[in-house]
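One letter stands for each residue in the lines below.
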Amino acid sequence: MHSETRLILGGLTTLAVATAALVVLPYITIADSAPAPGLKPYTPTQLRGREQYIQHGCVYCHSQQPRARAFAPDAKRGWGRATVAGDYAYDDPPLLGTMRTGPDLMNIGVRQPSDQWHLGHLFQPRAYVPDSIMPAYPFLFDLRDSAEAGETVVALPPGTVPEGKVVVARPAALDLVAYLKSLDRSYPALAADQ
């Protein structure tokens, strides 16, 4: 009986120390992190796009956390500076990603500022990146004979769309592109006076 009590107390102590070190201390450290200077809250359109990003599982193949030069060649890849806690002030939850099957997207708004590029890439990724394994998202678009006034027609490379048809972006695609373009953490990580 005495050894069972020790085992249980030892296990609970180990769990308490691990929880304190891995959950409580980091929470206390960054809980009051102010938004990084230059970070703006998401617009309603960008928030709807963020929901599309989550629903379509983009987070499973793309990270949003460029790492420091000492840990990875992310800066050499053009993915931007390493992120800090304040870069995620308006992200609930932060979409850090689980792996990097595709490139890091934290600064995709800087690397690809074109709406047309993003829309075309969502419609047919291999038309823009030949070796891409990203799935196409044609359900975010309508294939029509002509577009109506006010609709966004996607300009695609020749041979991507059947002759005489146009690809029209649905609101969900436009929202997703607005979110992707909002991923711009090119401002300095720290305020100039710090």
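Parameters and conventions
- Residues numbered from 1 in each chain as written.
- Predicted model: local features only at pLDDT ≥ 70, side-chain atom pairs only at ≥ 80, totals over all residues.
- Heavy atoms only, no water.
- Helix = DSSP H or I, 4+ residues; strand = E, 2+ residues; numbered from the N terminus.
- Rg over C-alpha atoms; globule rule 2.2 N^0.38 Å.
- Contact = heavy atoms within 4.5 Å.
- Areas by Shrake-Rupley, 256 points an atom, 1.4 Å probe, with all protein chains shown as cover.
- Salt bridge = Lys/Arg side-chain N within 4 Å of Asp/Glu carboxyl O.
- Buried < 20%, exposed > 50% of the residue type's maximum accessible area, 1.4 Å probe, protein only.
- Patch = residues over 30% accessible without salt bridge, like charges linked within 9 Å, V, L, I, M, F, W, Y side chains within 5 Å.
- Phe/Tyr/Trp six-rings, centres within 6.5 Å; stacked < 30°, edge-to-face > 60°.

Asks: Explain the overall build of the chain here, please?
Replies: Looking only at helices and strands, the chain has five helices and three strands in total. Reading the chain from its N terminus to its C terminus gives the helix and strand order α-α-α-α-β-β-β-α. Its C-alpha atoms give the chain a radius of gyration of 22 Å, clearly above 16 Å, the size a compact globule of 194 residues would have. Counting only contacts in the chain whose residues sit at least 6 apart along the sequence, the fraction spanning at least 24 positions is 68%. Accessible surface computed for the chain: about 11900 Å², of which carbon and sulfur atoms make up 62%.

Asks: Would you mind showing me how to read the pattern of salt bridges here?
Replies: Note that side chains of opposite charge can pair when their charged atoms are close. Overall, the coordinates contain eight salt bridges when judged by the stated rule. Among the ionic pairs, glutamate 151 bridges to arginine 144, the shortest N-O distance being 2.5 Å. The exposure class of glutamate 151 is partly exposed, given its relative accessible area of 29%. Put simply, aspartate 145 and lysine 165 hold a salt bridge, and the shortest N to O gap is 2.7 Å. Of the two residues, aspartate 145 sits in the loop between strand E1 (141-144) and strand E2 (153-154) while lysine 165 sits in the loop between E2 and strand E3 (166-169), which places them 20 residues apart along the sequence. Taking the relative accessible area as the measure of exposure, aspartate 145 reaches 56% and is therefore exposed. Given a relative accessible area of 35%, lysine 165 falls into the partly exposed group.

Asks: Can you help me understand a nonpolar patch on the surface in this one?
Replies: On the surface, Leu22, Val23, Val24, Leu25, Tyr27 and Ile28 cluster together into a nonpolar patch covering about 660 Å² of accessible area. Within the fold, isoleucine 28 resides in helix H1 (residues 2-30).

Asks: Help me out: how do you make sense of unusual backbone geometry in this one?
Replies: The phi angle of most residues is negative, glycine excepted, and most peptide bonds adopt the trans form. The step from aspartate 92 to proline 93 runs through a cis peptide bond, and the omega angle for that step is 0°. Within the element layout of this structure, proline 93 appears in the loop between helix H2 (44-55) and helix H3 (108-111).

Asks: I keep staring at the packing of aromatic side chains and nothing clicks. Help me out?
Replies: Aromatic ring pairs: the centre-centre distance and the angle between the two ring planes describe each pair. This model, assessed by the stated rule, comprises five aromatic pairs. Seen in terms of ring centroids, tryptophan 117 and tyrosine 128 are 6.0 Å apart; in terms of plane orientation they differ by 70°. Their pairing is edge-to-face. Taken together, the positions of tryptophan 117 in helix H4 (residues 115-123) and tyrosine 128 in the loop between H4 and E1 put the pair eleven residues apart, joining distant regions of the chain. By relative accessible area, tyrosine 128 is classed as partly exposed at 23%. Measuring from ring centre to ring centre gives 5.4 Å for phenylalanine 123 and phenylalanine 141, while their planes differ by 85°; the resulting arrangement is edge-to-face. A residue pair is termed long-range when its members are at least 10 positions apart, and phenylalanine 123 in helix H4 and phenylalanine 141 in strand E1 qualify at 18 residues. Per residue, the accessibility class of phenylalanine 123 equals that of phenylalanine 141, and both read buried. Taken together, the ring pairs in this structure connect Tyr42, Tyr53 and Tyr179 into an aromatic cluster.

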